[in-house]
Amino acid sequence: DFDPENWGEETFFRSNEMYIGGAAVLSNGTVAISTTLPVEYRDEEDEKIPSVFPNDYREGSVAGVMCFVGRWNPAGGDYDWQRSETMFLPRKQSTRGLVELDLSELANGNLLLLMRGSNVGLDPVACPARKWFSVSKDGGLTWSPVSDIRYDTGETLYSPASISHSFRSSKTGKLYWIGNITETPPNGNSPRYPLQIVEVDEETPSFKKDTLTVIDDRDPERDSVHVQVSNFSVLENRETGEVELYLVRL
């Protein structure tokens, strides 16, 4: 347990480590915070598949997901917290677990969690790289089985191990996702182009294919095949409602 007299105790940090993902203030007044953390999972066949960080940082575990849901307690002057059930993928689907979590509240009040996986070390054709998702109907305490996000046509899509971000436009009221979707099966992190924006169908949920729009792409005359248009920050200008995206081409 945490000891305020010895806050740097290594055994506390090693047993309570986590990587903070997306957070959201919800319409019901609660706060939801998504985290990547070790989830116990033992499977003899699955453990033969190579693990890559952060899947390998604790024996007998994979990098899974948990959400913390807090409600303000006026009497106590602090938040009361509950933790959700855990989610994870076996190594045969993601050798690097579930990371870089993107959390949004949908129009119907459900929560959508979009997650980065990775197929590094696996056959990219037999084990395609996807973006993964789960839905909560109770404010973040229980979640649907992790599945790959698809187009509203039902078609699958490829996405490398790269960050993504969702936001709701104050102009249109619609939810949009920005990230990398590729034409060919990615191998781990690559390729990280093009960068696209697409509207989210909030009922399914899925990506509305006919709204898919390229923001930036590799220029064959100027860029190597290793160029990355992936690490970005995005915000909505509060005065104009315009979307501002900041990206360094690597």
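Note that the structure is a prediction, hence the values are computed from the model and not measured.

**Comments concerning the overall build of the protein**
Here is step 1 of the chain: When its secondary structure is counted, the protein shows one helix and 15 strands.
Here is step 2 of the chain: Its C-alpha atoms give the protein a radius of gyration of 19 Å, within 12% of the compact-globule value 18 Å for 250 residues.
Here is step 3 of the chain: Over its C-alpha atoms, taken along the principal directions, the protein stretches across nearly 60 × 50 × 35 Å.
Here is step 4 of the chain: Per-residue burial over the protein gives 44% buried out of 250 residues.
Here is step 5 of the chain: Considering only contacts in the protein between residues 6 or more positions apart, those separated by 24 or more positions represent 53%.
Here is step 6 of the chain: When the accessible surface of the protein is totalled, it reaches about 13400 Å², and 49% of it is carbon and sulfur.

**Concerning the environment of E9**
Here is step 1 of the chain: With respect to the secondary-structure elements, E9 resides in the segment before α1 (10-16).
Here is step 2 of the chain: C-alpha separation for the pair E9 and V52, spaced 43 residues apart in sequence, amounts to 27 Å.
Here is step 3 of the chain: For E9, the side chain forms a polar contact with the side chain of N6, separated by 3.0 Å.

**Here's the deal with the nonpolar core**
Here is step 1 of the chain: If you look at the biggest cluster of nonpolar residues, it comprises 16 residues, and the most contacted ones within it are V65, L98, L103, L113, M115, W143 and V146.
Here is step 2 of the chain: Looking at this core, the elements with two or more residues in it are β3 (61-73), β5 (99-105) and β6 (111-116).
Here is step 3 of the chain: Examining the composition of this core, we find that three residues originate from one element, β6, more than from any other.
Here is step 4 of the chain: Setting aside its immediate chain neighbours within four residues, L98 contacts T36, A63, G64, V65, M87, F88, L89, M115, R116, W132 and V146.

**Some points on the sheet that holds β5**
Here is step 1 of the chain: A sheet is described by the order of its strands in space; here four strands give the open sequence β5-β6-β7-β8, paired in antiparallel fashion. Strands at the two margins of the open sheet, each flanked by one partner only, are β5 and β8 (147-148).
Here is step 2 of the chain: Relative to strand β7 (residues 131-136), β6 runs antiparallel, the two sharing six bridges. The partner of L112 across the bridge, within β7, is V135.

**Quick word on the pairing of β6**
Here is step 1 of the chain: Among the six residues in β6, six count as buried, and that is most of the element.
Here is step 2 of the chain: On β6, burial covers both faces: L111, L113 and M115 on one face and L112, L114 and R116 on the other are all buried.
Here is step 3 of the chain: Pairing of β5 with β6 involves five bridges; the strand directions are antiparallel. Note that in β6 the partner of D102 across the bridge is L114.
Here is step 4 of the chain: In this antiparallel pair of consecutive strands, β5 and β6, the connection spans five residues, and G109 shows a positive phi of 95°.

**Considerations on the packing of aromatic side chains**
Here is step 1 of the chain: With the rule as written, the count across this model stands at eight aromatic pairs.
Here is step 2 of the chain: For the ring pair F53 and Y57, a centre distance of 5.9 Å and an interplane angle of 90° mean the geometry is edge-to-face.
Here is step 3 of the chain: Residue Y57 is classed as partly exposed on the basis of its relative accessible area of 26%.
Here is step 4 of the chain: Grouping aromatic residues by their ring pairs yields a cluster made of F2, F12 and F13.
Here is step 5 of the chain: The cationic tip of K209 hangs over the ring face of Y151; the distance from NZ or CZ to the ring centre is 5.3 Å.

**A short note on the layout of surface pockets**
Any empty space left between the atoms is revealed when a probe the size of a water molecule rolls over them.
Here is step 1 of the chain: Considering only enclosed or pocket space, the largest pocket measures out at about 490 Å³ in volume.
Here is step 2 of the chain: The wall of the largest pocket is formed by 23 residues, among which D102, L103, H165, S166 and F167 lie closest to the centre.
Here is step 3 of the chain: The set of elements that each furnish at least two residues to the lining of the largest pocket consists of β1 (19-25), β5, β9 (165-168) and β14 (232-236).
Here is step 4 of the chain: With seven residues, the top contributor of residues to the lining of the largest pocket is β1.

Rules of the game
- Residues numbered from 1 in each chain as written.
- Predicted model: local features only at pLDDT ≥ 70, side-chain atom pairs only at ≥ 80, totals over all residues.
- Heavy atoms only, no water.
- Helix = DSSP H or I, 4+ residues; strand = E, 2+ residues; numbered from the N terminus.
- Rg over C-alpha atoms; globule rule 2.2 N^0.38 Å.
- Buried < 20%, exposed > 50% of the residue type's maximum accessible area, 1.4 Å probe, protein only.
- Contact = heavy atoms within 4.5 Å.
- Areas by Shrake-Rupley, 256 points an atom, 1.4 Å probe, with all protein chains shown as cover.
- Polar contact = N/O pair within 3.5 Å; in protein donor to acceptor, adjacent residues only side chain to side chain.
- Core = buried A, V, L, I, M, F, W, Y, C linked by side-chain atoms within 4.5 Å.
- Pairing = 2+ DSSP bridges.
- Phe/Tyr/Trp six-rings, centres within 6.5 Å; stacked < 30°, edge-to-face > 60°.
- Lys NZ or Arg CZ within 6 Å of the ring centre and 35° of its normal.
- 1 Å grid on protein atoms, 1.4 Å probe; cavity = no way out; pocket = protein on both sides within 12 Å on 5 of 7 lines; lining within 4 Å.
- Points joined across faces, edges and corners; volume = space filled by probe spheres on them.

Honestly, that's just the spatial picture; any functional story needs more than this.
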